[in-house]
Amino acid sequence: MLTVEDLKTYFHTRAGIVRAVDGISFEVKAGETLGLVGESGSGKSVSGYSLLGLIPTPPGKIESGTALFGGVDLLKCTASELQSIRGKRIGMIFQDPMTCLNPFVTIGQQLMEPLFIHEKISVSNARIAALEALREVGILDGDRRMAQYPHEFSGGMRQRIMIAIALILKPELLIADEPTTALDVTMQAQILDLIRRLQRERGMAVIFVTHDLGIVAGLADEVMVMYAGKIVERARTRELFYAARHPYTRGLLASIPSNHSGGDLYNIPGLPPDLGKPLAGCAFGPRCSNKKDVCGMGQPTIKAVAPLHYSSCVRIQEGSL
Amino acid sequence: MKPENLLELQDVRTHFPLTKGTLFPRLTGHVKAVDGVTLDLKRGEVLGLVGESGCGKSTLGRTIIKLIRATSGQISLSHEAQGGVQMIFQDPYSSLNPRMTVFDTLAEPMLVNGFATRATVAVKVAELMHTVGLAPRFMRKYPHEFSGGQRQRIAIARALALKPRILIADEPVSALDVSIQAQILNLLASLRKRLGLSIIFISHDLSVIRHLSDRVAVMYLGKIVELGSTAEIFAKPQHPYTRALLSAIPLPDPDLERNRERVILAGDAPSPINPPSGCAFHPRCAYATFQCSQRQPVLARQGTSETRVACINL
């Protein structure tokens, strides 16, 4: 339902060009969840924002690529065309619900706003739809709650309201950018359960951006791992966790404490590269314990290494690892 | 005080007064951040203190180190631990002074407390940096020139400057990416072995706690609800809250994650201003009975298990 080809988003800063997203391609299948995993600065959030035209320009610029969504190229849309897709056919939720909700407007008005923008609907019908949306995310006394302001809700409640707003027009695709990172684990479990249930009921596709491999393990059908602006590995979830085909993914999995009992954790030495500087060869090379001469020769491209399994590791592609 | 203990807390309470009005403030209530905690820290052990935001775990850490004065209760240090408690904080961006070089940051406590003289301080700073895995040639750099992981190393070095016996680590890896987090956890584990430190490790992340701690204390709304060895608590959690907390951590293993039983708690944790009567967890507990809203449970051993649990239904 969404096909992204060679998306490049660069930031033109005074210090030079930062290649935040550097040529990524992927597709999202209807009704499926795609997990987009990476550490801070890997370009995972920028990828999501690029699709919805939410990159501040300047300094950001989408340099190339296409993103076909139902026959429309999201990257070539005019502002008003995007406006009619965003919120209606693609919903988005963010990490911090406090900065995304308007503190001066009641929850009820914020819930009904997308209805008034995208549909010709009477106030009373909008109110019914808003109440229904609140009920769906588990806020029961909606009548009273609609008249309240964001500060009157807890963090978990605000995230539920964000989800209710994003889903009120029943979008076909939801982009969730670290929606549970600011929440406690028990609240996170509630929100993930909610997303899972709503997705099942509506057959909606989800792009779930997170740094937490545990969340992806439970939620995603397919996983993409990003490093330094590129996708380094992409596979069906079980395949990725049990037969990772990239040294970075393997390193990440080994450095999670819950995969261990006693002994030292594996740690990936060093730091991610500075994306403002051109890279010679594989971006992960300097931190990789399996590095050989071949890794320094040219930028690796992602290729199929098994059915439905793609890796950008040159050594895995040539079968020497 | 028991000979194996370095630190003992007896019924410690830290309450913050709530007032209304600026000219004639009147007391309207208390935030009971820490509400009757009895705990000990043994020589050489890592004690994990786990709970969700607002449960009082950070306030407890700050109360131990006397950044906040306890409202009541006793905090006693064994003779060898006197003056030897240091703390590291969550955010290495705000806990270091941006105008001080690594050298200044590390030299100051040693000079002030007579651990070094002007003549020896450079050598001692270099030693300290080496201990935490930083190259001494970065001595003259400022915090902003370092990455998050390296800054946390500087903060750890600063805490170690006065050779403490006890280290209180308040969410030291929460702000870091997984691959960097692993580096800091390994460092803490090796420091504990090399320097014989006892550590109180405060975190909301159970998998991090499990990795590092010998014993775990689970906090809910200012009280400890379960206290026992890490192995026992993770293998056989007894308190309904501990069980819910354990089942809420996402496991990075698709088969396990999809097939396990989940206890999903409803609602939010109640406010520590007006905690529920009886057991503070009862409004969210699936097993709560009428008795739970009437009686305050006490932390007690159940059967043959060494773990102590505060639940009247066990």
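Preceding this paragraph is the structure being described.
Residues numbered from 1 in each chain as written. Chains lettered and ligands numbered in written order. Predicted model: local features only at pLDDT ≥ 70, side-chain atom pairs only at ≥ 80, totals over all residues. Heavy atoms only, no water.

## Section: the packing of helix 4 (residues 107–118) of chain A against helix 5 (residues 123–136) of chain A
All names here are of chain A.
Here is step 1 of the chain: Interaxial distance between helix 4 and helix 5 falls to 9 Å at its minimum, and their mutual angle equals 125°. By the angle between their axes, helix 4 is oblique relative to helix 5. Every pair of crossing elements has a handedness; the one defined by helix 4 and helix 5 is right-handed. Between helix 4 and helix 5, the residues in contact are Leu111, Met112, Leu115 and Phe116 and Val123, Ala126, Arg127, Ala129, Ala130, Ala133 and Leu134, respectively.
Here is step 2 of the chain: Considered class by class, the residues forming the contact of helix 4 with helix 5 number 10 nonpolar, no polar and one charged. (Axes fitted to C-alpha atoms, helices over the stretch in contact; angles between N-to-C directions. Helix = DSSP H or I, 4+ residues; strand = E, 2+ residues; numbered from the N terminus. Parallel < 35°, antiparallel > 145°, perpendicular 65-115°, else oblique. Left-handed = near helix turned anticlockwise from the far one by under 90°. Contact = heavy atoms within 4.5 Å. Nonpolar A, V, L, I, M, F, W, Y, C, P; charged D, E, K, R; others polar.)

## Examining the sheet that holds strand 2 (residues 16–28) of chain A
Residues and elements named next belong to chain A.
Here is step 1 of the chain: The strand order across the open sheet built from four strands is 2-1-4-5, with neighbouring strands paired in antiparallel fashion. Single-partner strands in this sheet number two, and they are strand 2 and strand 5 (72–73).
Here is step 2 of the chain: Bridge count for strand 1 (residues 2–13) against strand 4 (residues 60–69) is eight bridges, and the pairing is antiparallel. Of the residues in strand 4, the one forming a bridge with Tyr10 is Lys61. (Pairing = 2+ DSSP bridges.)

## Looking at the nonpolar core
Residue and element names in this part refer to chain B.
Here is step 1 of the chain: Membership of the largest hydrophobic core comes to 65 residues, with the highest contact counts inside it found for Ile88, Val125, Ile156, Leu188, Phe201 and Tyr241.
Here is step 2 of the chain: Element by element, the count of residues in this core is highest for helix 5 (residues 178–195), at seven residues.
Here is step 3 of the chain: Setting aside residues up to four positions removed in sequence, Val125 forms contacts with Phe103, Leu106, Ala107, Met110 and Met139. (Core = buried A, V, L, I, M, F, W, Y, C linked by side-chain atoms within 4.5 Å. Buried < 20%, exposed > 50% of the residue type's maximum accessible area, 1.4 Å probe, protein only.)

## Describing the interface of chain A and chain B
Here is step 1 of the chain: Contact residues are listed per partner, giving 45 residues for chain A and 33 residues for chain B.
Here is step 2 of the chain: Between chain A and chain B, roughly 3,300 Å² of surface is buried when both sides are summed, and carbon and sulfur atoms account for 55% of that area.
Here is step 3 of the chain: The partner of Asp255 of chain B in a salt bridge is Arg238 of chain A, and the shortest N-O contact between them spans 2.7 Å.
Here is step 4 of the chain: Taken together, the connections running from chain A to chain B amount to 13 residue pairs in polar contact (both at pLDDT 80 or more).
Here is step 5 of the chain: Only helix 8 (185–202), helix 9 (213–219) and helix 10 (237–242) of chain A provide two or more residues apiece to the side of chain A that touches chain B.
Here is step 6 of the chain: In terms of residue class, the side of chain A that touches chain B is built from 20 nonpolar, 17 polar and eight charged. (Buried area = accessible area lost by both parts, 1.4 Å probe. Salt bridge = Lys/Arg side-chain N within 4 Å of Asp/Glu carboxyl O. Polar contact = N/O pair within 3.5 Å; in protein donor to acceptor, adjacent residues only side chain to side chain.)

## Here's the deal with unusual backbone geometry
Here is step 1 of the chain: The peptide bond linking Thr57 of chain A to Pro58 of chain A adopts the cis configuration, its omega dihedral lying at -20°.
Here is step 2 of the chain: Relative to the assigned elements, Pro58 of chain A resides in the loop between helix 1 (44–51) and strand 4.
Here is step 3 of the chain: A cis geometry characterises the amide bond from Pro58 of chain A onward to Pro59 of chain A, with omega recorded as 5°.
Here is step 4 of the chain: Within the secondary structure, Pro59 of chain A sits in the loop between helix 1 and strand 4.
Here is step 5 of the chain: Within the chain, Asp11 of chain B stands out as a residue other than glycine whose phi angle is a positive 50°.
Here is step 6 of the chain: When you line up the elements, Asp11 of chain B lands in strand 1 (residues 5–20).
Here is step 7 of the chain: With relative accessibility at 33%, the residue Asp11 of chain B sits in the partly exposed group.
Here is step 8 of the chain: For Leu221 of chain B, which is not a glycine, the phi torsion comes out positive at approximately 50°.
Here is step 9 of the chain: Within the secondary structure, Leu221 of chain B sits in the loop between strand 8 (215–220) and strand 9 (223–229).

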